Amino acid sequence: MLIRQKKPWEIAGLQATPEAAFLNRRALMQGALLAGGSGLLGALAAGPAFADTPDPTASLYPAKRNPAYTLGRALTPESVNANYNNFYEYGTSKRIAAAAQQLKTRPWSVTVDGLVDKPKTWAIDDLIRAFPLEERLYRHRCVEAWAMTIPWTGIPLKAFVEKMRPHAGVKYIRFETFNDPQMAPGQEVPFDPWPYVEGLTMAEAMNDLPLLVTGAYGKPLLKQFGAPLRLAVPWKYGFKSIKSITKITFTNERPKTFWEALDSSEYGFWANVNPAVPHPRWSQATERVLGTMERVPTVIFNGYGTEVAGLYTNIKGQQLYR
Ligand SMILES: Nc1nc2c(c(=O)[nH]1)N[C@H]1C(S)=C(S)[C@@H](COP(=O)(O)O)O[C@H]1N2
Ligand SMILES: [Mo]
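First, a word on what this report is: a plain description of the structure on this page.

Each value, and the rule that gives it
Residues numbered from 1 in each chain as written. Chains lettered and ligands numbered in written order. Predicted model: local features only at pLDDT ≥ 70, side-chain atom pairs only at ≥ 80, totals over all residues. Heavy atoms only, no water. Helix = DSSP H or I, 4+ residues; strand = E, 2+ residues; numbered from the N terminus. Buried < 20%, exposed > 50% of the residue type's maximum accessible area, 1.4 Å probe, protein only. Pairing = 2+ DSSP bridges. Core = buried A, V, L, I, M, F, W, Y, C linked by side-chain atoms within 4.5 Å. 1 Å grid on protein atoms, 1.4 Å probe; cavity = no way out; pocket = protein on both sides within 12 Å on 5 of 7 lines; lining within 4 Å. Points joined across faces, edges and corners; volume = space filled by probe spheres on them. Nonpolar A, V, L, I, M, F, W, Y, C, P; charged D, E, K, R; others polar. Near = heavy atom within 4 Å. Polar contact = N/O pair within 3.5 Å; in protein donor to acceptor, adjacent residues only side chain to side chain. Areas by Shrake-Rupley, 256 points an atom, 1.4 Å probe, with all protein chains shown as cover. Salt bridge = Lys/Arg side-chain N within 4 Å of Asp/Glu carboxyl O.

**Focus on unusual backbone geometry**
Here Tyr61 and Pro62 are connected by a cis peptide whose omega angle stands at -5°. The residue Pro62 is located in the loop between α3 (37-46) and α4 (78-81) in this model. Look at the link from Arg106 to Pro107: it is a cis peptide, with omega at -10°. Along the chain, the position of Pro107 falls in the loop between α4 and β1 (109-114). Positive phi outside glycine occurs at Tyr217, with the angle close to 55°.

Right, dumping it as structure tokens:
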């Protein structure tokens, strides 16, 4: 019998994670995994390798580090981060790195539309070259109560939005991931609300923190990190940081997010980190730091309160922390 040795960063009992368990349960209830099971699981296990051309933007890395964003916590080693991911398009475990190699990141386009003066479909390499890239060290806190610290490289969302010139007074920015079950077997689960969607208010988007991420660890994004373009919103639970973005829409309608569509009582629109507000099924008071596996107290707004607390002082009657 083959017994796989657990790696030190694997969290006992978290292999079937809360979010993943939720998706699995749903799929089972709907008979999806049973009906189409062998196809889905087979494809996930196989994770065929694709020969990729070298990343056309590789020479832009490493980008200059912005010294304003440093932190009192060690960086998570890349080898840990790159083998412990949430990317449900490629399966419900944390070990999706191999399956994610099916993601084809060129050609790739990002469409910007909705209430905006300059709607545009960008070829990804033009987008990446149109803005100065910078490196920022950010904390990441998954709603499942594990945390990492990552050297992201990217474009401040604010700079991108300013260039696109949304209409005055527009309320929300909506992000969408690709939808292609051929390329992402997880999207074969038919009743999940694919594609993955996320959103921010425009006030949140214009804060200095949200980063349109193009790289990590001093090079272009690995596929499992959500190449070629993902978001990092470090004061919110990790599911807000949408991966592999293909569409950005300015809208006055609050986006219905993927996780909200699955279960709005557990995963809401705001999802600001708060140790005092438990998830309905577990406490958010502490978190496991991947790499060291230390359990440490969770901090309000994941430590970014000085920058973002003011965004919420006038919002009443809403669940801001779930
Ligand atoms: N498209 C897409 N984006 C996604 C997810 C996903 O499943 N699909 N998972 C989210 C969750 S729950 C987390 S914690 C982070 C994980 O990012 P990482 O794997 O780079 O740590 O991505 C977020 N973005
Ligand atoms: Mo997450």
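**Remarks on the pairing of strand β7 (residues 211-216)**
Of all 6 residues making up β7, 6 are buried, and the element is well covered by its neighbours. Note: strand β4 (residues 146-156) against β7, 5 bridges, orientation antiparallel. Bridge assignment links Gly154 to a residue of β7, and that residue is Val213. Looking at chain direction, β7 and strand β9 (residues 230-232) are connected through 3 bridges and run antiparallel. Residue pairing in the sheet places Leu212 in a bridge with Leu231 of β9. Pairing of β7 with strand β8 (residues 219-220) involves 2 bridges; the strand directions are antiparallel. Directly across from Gly215, in β8, lies its bridge partner Pro220.

**Some details on the nonpolar core**
In terms of nonpolar packing, the biggest core is built from 83 residues, with Tyr90, Phe160, Ile173 and Phe175 touching the most fellow members. The dominant element in this core, judged by the number of residues it contributes, is β4, at 5 residues.

**Re the layout of surface pockets**
Taken as a whole, the largest pocket spans an internal volume of roughly 300 Å³. Every residue lining the largest pocket is counted, 20 residues in all, and those nearest its centre are Asp52, Thr53, Asp55, Thr105 and Lys223. Here the residues of the lining of the largest pocket are counted per class, giving 11 nonpolar, 4 polar and 5 charged.

**Side note on the site of ligand 1**
In the vicinity of ligand 1 there are 18 residues, among which Asn85, Tyr88, Glu89, Ser241 and Lys243 approach most closely. A distance of 2.8 Å is found between a nitrogen atom of ligand 1 and a backbone nitrogen or oxygen belonging to Ser241. When the free accessible area of ligand 1 is taken as 530 Å², the share hidden by the protein chains comes to 100%.

**Thoughts on the pattern of salt bridges**
The full count for this structure, using the stated rule, is 16 salt bridges. With its nearest N and O atoms 2.9 Å apart, the salt bridge here joins Glu287 to Arg73. You can see Glu287 sitting in strand β11 (residues 286-289) and its partner Arg73 sitting in the loop between α3 and α4, a full 214 residues away along the chain. Across this residue pair, the class does not change: Glu287 and Arg73 are buried. Within the structure, one salt-bridge network assembled from shared partners comprises Asp55, Arg106 and Asp125.

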